[in-house]
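The residues making up each chain are set out below.
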Amino acid sequence: MRDHVRFWLGSSRQEVRGIAPTLTVLDWLRGPMRRSGTKEGCNEGDCGACTVVVVRPRAGGGLTWRAVNACIQLVGQLDGCLLLTVEDLAAADGTLHPVQQAMVDLHGSQCGFCTPGFVMSLFAMGRDMGRDGAAPDEAAIDDALAGNLCRCTGYAPIVRAGLASIAADDAWRAEAAAIEARLRALDDDEDVVVTSPAGRFSAPASVDALAETLLADPDATVLAGGTDVGLWITKQMRVLPHLVWVGRVAGFADITETADGLEIGASATYSDAMAALGALLPDMGELLRRLGSVQVRNAGTIGGNIANGSPIGDSPPALIAAGATLHLRRGDTRRSLPLEDFFIAYGRQDRAPGEFVERITVPRPAPGTRFRAYKVSKRFDQDITAVLGCYAITLDGGRVTAARIAHGGMAGTPKRATAAEAALIGRTWDADAVRAAQGALASDYMPLDDMRASAWYRLRVAQNLLVRLHAETTGQAPTRLVGAPELAHA
Amino acid sequence: MPDAIAERETSAEGGAHRSRRHESAHKHVTGAAAYINDLPEAPGLLHVALGLSTRAHARLVSIDLDPVRAVPGVVLVLTAGDLPGENDTSPVGKHDEPLLAEGHVAFHGQPIYAVAAETREAARRAARAARIVYEDLPAVLDIETALADPVLVTPGATMQRGDWAAALDAAPRRLSGTMAIGGQEHFYLEGQVALAEPGEDDEVRIWCSTQHPSETQHIVAHALGVASHAVTVEVRRMGGAFGGKETQANPFACLAAIVAKKTGRAAKLRLDRDDDMIVTGKRHEFVVRYDVGYDDDGRIHAVDMLYAARCGYSADLSGPVTDRALFHADNCYFYPAVRLRSLPLKTNTCSNTAFRGFGGPQGMLGGERVIEEVAFATGLDPLEVRRRNFYGIGERDLTPYCQTVEDNVIADVVDTLVARCDYAARRATIRAANAAAPLIVRGIALTPVKFGISFTATQFNQAAALVHIYTDGSIAVNHGGTEMGQGLHTKIAQVAVEELQVDAGSVRVTATTTGKVPNTSATAASSGADLNGKAVQAAVRTLKDRLVTFAAEQYGVPPDTVAFLPGRVRIGNQDVPFAALIRQAYFARVQLSATGFYKTPKIHWDRDAGRGRPFYYFAYGAACVEVAVDTLTGEYRIERADIVHDCGRSLNPAIDIGQIEGGFVQGAGWLTTEELVWDAAGRLRTHAPSTYKIPACGDRPRVFNVHLLDNAASHEDTIFRSKAVGEPPLMLGIAVLHALSDAVASVGGWRVCPRLDAPATPERVLRAIETLRA
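On a predicted model such as this, the values are computed, not experimentally measured, just so you know.

Conventions used here
- Residues numbered from 1 in each chain as written.
- Chains lettered and ligands numbered in written order.
- Predicted model: local features only at pLDDT ≥ 70, side-chain atom pairs only at ≥ 80, totals over all residues.
- Heavy atoms only, no water.
- Helix = DSSP H or I, 4+ residues; strand = E, 2+ residues; numbered from the N terminus.
- Rg over C-alpha atoms; globule rule 2.2 N^0.38 Å.
- Contact = heavy atoms within 4.5 Å.
- Areas by Shrake-Rupley, 256 points an atom, 1.4 Å probe, with all protein chains shown as cover.
- Lys, Arg positive; Asp, Glu negative; His and termini not counted.
- Charge placed at Lys NZ, Arg CZ, Asp CG, Glu CD.
- Buried < 20%, exposed > 50% of the residue type's maximum accessible area, 1.4 Å probe, protein only.
- Pairing = 2+ DSSP bridges.
- UniProt positions renumbered as here; feature names shortened; annotations may be inferred.
- Disulfide = S-S within 2.5 Å.
- Axes fitted to C-alpha atoms, helices over the stretch in contact; angles between N-to-C directions.
- Polar contact = N/O pair within 3.5 Å; in protein donor to acceptor, adjacent residues only side chain to side chain.
- Phe/Tyr/Trp six-rings, centres within 6.5 Å; stacked < 30°, edge-to-face > 60°.
- Lys NZ or Arg CZ within 6 Å of the ring centre and 35° of its normal.
- 1 Å grid on protein atoms, 1.4 Å probe; cavity = no way out; pocket = protein on both sides within 12 Å on 5 of 7 lines; lining within 4 Å.
- Points joined across faces, edges and corners; volume = space filled by probe spheres on them.
- Nonpolar A, V, L, I, M, F, W, Y, C, P; charged D, E, K, R; others polar.
- Expected span 1.5 Å × (residues − 1).
- Bend = angle between axes of the 7 residues up to and from the residue.

(A) Structural detail: the overall build of chain B. Check the secondary structure of chain B and you find 20 helices and 29 strands. Taken against the 2.2 N^0.38 rule, which gives 28 Å for 774 residues, the C-alpha radius of gyration of chain B at 27 Å falls within 12% of a compact globule. By principal-axis analysis of the C-alpha atoms, chain B measures approximately 80 × 75 × 50 Å. In chain B, once contacts between residues fewer than 6 apart in sequence are set aside, the share between residues at least 24 apart is 81%. As displayed, chain B has an accessible area near 24,400 Å², and 50% of this comes from carbon and sulfur atoms. Taking the average location of the 79 positive side-chain charges in chain B and that of its 91 negative ones, the two points are 2 Å from each other.

Here is the structure:
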């Protein structure tokens, strides 16, 4: 067992012990490390002013360079990585990184407070550009920067700077092999437990150790990406004496393609799973593109999105419509259940103390099945959903032979629209069927008013989205304002 | 790249009219630019957090602070009774804004107590721990409720001209309506923060993210019960402000200062984002009622409008904000007969404050709604209605407040834009295309802006500067303006460089401090470069005069043969390096430090009479926006925005284009996704970026063309004939609301004005669509 976390901060190797389990990366950087370039804008992972880059070895060779929000990452989660902040980018002689230079030359900063975050997001994006040789375009930059808010510039000069600099060569390209060697040298299979008077941060290295840890302390808080738990710390100021991080568990983030579909490990991040899920169900990929931001997707996990039982999480309704199965484990006992059965009521899930999500199975869609996921929110990017409508509708000769419809934002849990499904199955897929299903939705749900949307809007939109679904599955008229146009009629 | 950035590299290196980079750009991108929270913390520094009211309106029956004091690390707890000086931070002397609530609370989130602790976490934890007993009182939370029995925080204004009542009656056609306009959270990325260090005797030094260091100084002095000379306030830069740090920074500076003086330790108060959004004021929400007389040609004969504003629990700047709404109800349009009235309503919500445009955007939005109504009623293209009602040149040029519009270039601005954006052809194409695409429809609108430049309180239109030349030839410039990202210090440096023709690197604009330039005005009202640029120019010209006199004597040449050329000074027929001349001047005992002062000429304003010349000049612009709307969900995208804006002879085209792009997007956000929601208990529910949605990167227009008006030298003697650019571009965003309205109206065949209120959230857009369909 290791009593400390170890990682690299820029060019210095760090061994950190004796810290509070809830110490955030941002507070650690700005406090003891005296790195004040990383800013606190919101302390909830929504503005990106604290964006830093976490570098890890990629399975099968190479590195991943991922932008994350330092305000809701915990220091314990850094184990085994290279952490880069804005102070690390310029060369020793002061020469700016191409992204920094372009931001200067093209007037990408005004007040400058959000700027370090933008620089780090563009820098991280550029790493991927270098890897697959993709040319940057504005849509890709919009996605990369969806988690960085700027109140001064209107973004235009920042996008110009990104276009001008992202693909530029830099010193980091040459450095990559050395970094990878340095990081692989940190690999070990030790369980990590960092203790302090404020509590304990456990990072088991195997799933068996995880099961044991949670069995021994069923009240421990399971930590995956921290995009929710981070806010318990920074906003609710909850006392969390024992955090159990699943990010070190070997194989726990694996995504496996089988003949039947996909097996997604509980600690796979949205970013990890996006490509595979998008290949299986293209509109699931589009939904994930709009889930949170790059920073949130790089940290948050699909397992966590399910386990925390939020009624407004985006992945559960989509996975329910897709017919996903959830696999749970407690000690040595394993069980599986249809995902929709996991959500019992608002704030209550079918999870026993000490039990944890191990993986999710997403089946391959049956022939003739069209899958759609429509996220409706006040703002397109990085916004919590008002209504999420997800559909797997199987058509045979113009008739609906099967339908799975689930919504987010319409009830206290992610919930299937059983009446609407029943109204469709067996019917000709036409305007009358749409009207019948629209009527049935009113009996499926009694949504609430809140600051995101009124009950009226939620129900009306859920009903109207069936019109969009019909249009996309029967014709070619434009139906979407954002995303790749070909997804609409896939 | 916008063409103007490349085109205008014509003057001396680093001087006026050049697209110099932001003076801190290099530090911004490396993380080296220090904001208040980045400054080194003195040993023993205490962190301060605020205990907030959880009721909208209530008597404070009892406050039990023992649980607060019991939190480990707590050093000091302050309530109203513990304050050393005046318990008031009203910036306008109304004594209606206690630092800490006394006896009763007037809004949900009002600070009741402050905690100072060894760590910020301990302070934040303790600030939630008090046991407070309230006795609820009736709360007024919105404008409609307030209108039923209006209580004003400050007297309203009336501006009228002509026999408006008779003209309304006599007009061939008449219509009336109501428009609701939402408020706006500033969402400066750097939240409110103040750091205080105690000095000797009664002195205290404060670093504060404030747009108005002098006012912060004065209010801290009152709060401490000391003279202003004991208080020094400094700010190098802010991480955004937008009006939200004009008065709103003061209470936090006061509390940090009080803690510092009471404990003898440095103290920092930095609000968590949620507290910041809950406690501080925002852009005023308005309800506008309008009654307009017009004719079949779309010409307005008379207008009567009432602007009712939710001001919150105290006056703050609501008086001048609601005044400025009235000053802009005409926008670019001549009203032959007019009455405009404001009602600054008291409500049990946070005290609304300055926000870029300062009521002007809301005033203008009401005026533009009137135009839109007339266009729908007459069936004319709204742009044609706008043009027919534009102020004339030499006729039809009197505003409702009886200032003559002398510098009218709006027709030129709009004509230039119409040509550049191909308005007519695109409008026709969109109308045809909508008929064929039932689910996604498009809309287009072109709206103009005329914005009055000057503080309407005449006394604020003054500025001072202090310029030192050191014996090595380097120059330190200090002025009363503050840097919040708008590039003021960059422009000020350009003024000094232009005057002296020195190397750009030899001019440093230093942090703003009350110790160097006293009695300054807020950096607000778009006035920063206009006022402080002139003051710096005056100081530099004083120094130049001394140097010319000295050089002429020293070299025995006539003074008119001394000229400041790039990097050198021509004296008669020889060139002397600037630094060498400075050294010679020092040895000859020439004073190398000077102050400069400027006051805006020509302006005067009689509020009681409702007439005068409140504005030195007007800034103009226009935007054409095309949107796409999803008729099933009400979601929308800005597909394209074209802008032509008048910056006079721009001091720095790159910075001005940055202000225009950023202002447009901020204005678009105000009118679209930025929705403030209070619940029935008066609790703000949108108090973080997770719930309050400012535009993200992908929300900017997909095509975004910004052009500075050509040959646009200011009519007045402004600094190098440039024009103010801070606020006016925000109102270019009004075109987005009108484009959305145009798209929505297409659902009803453009027969009915959708009367789209702001913010036009997707929900509001869908409601408007479904209303038209019903």
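(B) Spotlight on the pairing of strand 21 (residues 562-565) of chain B. Residues and elements named next belong to chain B. By the alternation rule, side chains of strand 21 split into Val562 and Phe564, which are all buried, and Ala563 and Leu565, of which none is buried. As paired strands, strand 21 and strand 22 (residues 568-571) are joined by four bridges and run antiparallel to one another. Bridging from a neighbouring strand, alanine 563 pairs with arginine 570 of strand 22. Where strand 21 hands over to strand 22, the hairpin turn is made up of two residues, of which glycine 567 adopts a positive phi near 75°.

(C) Summary view of the UniProt feature "domain: Aldehyde oxidase/xanthine dehydrogenase a/b hammerhead" (unreviewed entry) in chain B. Per the UniProt entry, the sites bearing "domain: Aldehyde oxidase/xanthine dehydrogenase a/b hammerhead" (unreviewed entry) are residues 30-138 of chain B in this numbering. The straight-line gap between the two end C-alpha atoms of residues 30-138 of chain B is 52 Å; of that span, 11% is helix and 31% is strand.

(D) Representation of the environment of Gly367(B) in the model. Residues and elements named next belong to chain B. With respect to the helices and strands, the residue glycine 367 is situated in helix 11 (residues 360-378). Relative accessible area serves as the criterion here: at 0%, glycine 367 is assigned to the buried category. Along the backbone, glycine 367 and aspartate 330 are 37 residues apart, and their C-alpha atoms lie at a distance of 5.8 Å. Those residues in contact with glycine 367, other than ones at most four positions away along the chain, are Met305, Tyr307, Ala329 and Tyr335.

(E) Quick peek at the state of the cysteines. Counted according to the given criterion, the structure contains zero disulfides over all chains. With no disulfide partner, Cys42(A) has as its closest neighbouring cysteine sulfur the one in Cys47(A), 3.8 Å distant. Not part of a disulfide, Cys421(B) finds its nearest cysteine sulfur in Cys624(B), a span of 3.6 Å.

(F) Broad picture of the sheet that holds strand 8 (residues 173-181) of chain B. Residue and element names in this part refer to chain B. Taking strand neighbours across the sheet as the criterion, the five strands line up as 7-15-14-13-8 in an open arrangement whose pairing is mixed. This sheet does not close on itself; its edge strands, each paired only once, are strand 7 (158-161) and strand 8. When the angles between neighbouring strand axes are averaged without regard to direction, this sheet yields 10°. Bridge analysis of strand 7 against strand 15 (residues 337-346) gives four bridges, and the strand direction is antiparallel. Its bridge partner lying in strand 15, glutamine 160 is registered against arginine 339.

(G) Spotlight on the side chain of Gln110(A). Mapped onto the elements, Gln110(A) comes out in the loop between helix 2 (98-105) and helix 3 (115-132). At a separation of 3.2 Å, a polar atom in the side chain of Gln110(A) contacts the main-chain carbonyl oxygen of Gly658(B). Filtering out sequence-adjacent residues up to four positions away, Gln110(A) remains in contact with Cys152(A), Thr153(A), His22(B), His28(B), Gly485(B), Gly658(B) and Gln659(B).

(H) Seen up close, the packing of aromatic side chains. This model, assessed by the stated rule, comprises 25 aromatic pairs over all chains. Ring-pair connections join several aromatic residues into one group, and the members of that group are Phe327(B), Tyr401(B), Trp605(B), Phe615(B), Phe618(B) and Tyr620(B). It is Arg127(A) that lies over the ring of Trp65(A); its NZ or CZ is 5.4 Å from the centre.

(I) Representation of the sheet that holds strand 2 (residues 58-64) of chain B within the structure. Residues and elements named next belong to chain B. Overall, antiparallel pairing links the three strands, which are arranged 4-2-6 in an open sheet. Strand pairing shows two members of the sheet lacking a second neighbour, strand 4 (104-105) and strand 6 (131-136), which therefore form its edges. Strand direction decides the pairing type here: strand 2 and strand 6, joined by six bridges, are antiparallel. Along strand 6, the bridge assignment pairs alanine 58 with aspartate 136.

(J) Broad picture of the side chain of Gln659(B). By secondary structure assignment, the location of Gln659(B) is in helix 18 (residues 653-671). Judged by its relative accessible area of 6%, Gln659(B) is buried. Side-chain polar atoms of Gln659(B) contact the side chain of Gln110(A), separated by 3.3 Å.

(K) Highlighting empty space enclosed by the protein. All names here are of chain B. Under the criterion given, the structure shown has 18 cavities of 30 Å³ or more. Here the largest cavity is characterised by a volume of approximately 510 Å³. Within the residue set of the lining of the largest cavity, elements represented by two or more residues are helix 15 (488-500), helix 16 (528-555) and helix 18. Across the lining of the largest cavity, the residue classes tally to 15 nonpolar, 16 polar and seven charged. The volume enclosed by the second largest cavity comes to roughly 220 Å³. Lining the second largest cavity are 18 residues, with Glu97, Pro111, Pro251, Val279 and Tyr313 positioned closest to its centre.

(L) Representation of helix 6 (residues 171-184) of chain A. All names here are of chain A. The terminal C-alpha atoms of helix 6 lie 20 Å apart, and with 14 residues this matches the ideal 20 Å at 1.5 Å per residue to within 8%. Alanine 177 marks the point of greatest bend in helix 6, at about 40°. Along helix 6, the residues that are buried comprise Trp172, Ile179, Glu180 and Leu183. The backbone nitrogen of tryptophan 172 has a side-chain oxygen 2.9 Å away, supplied by the residue at the start of helix 6, namely aspartate 170.

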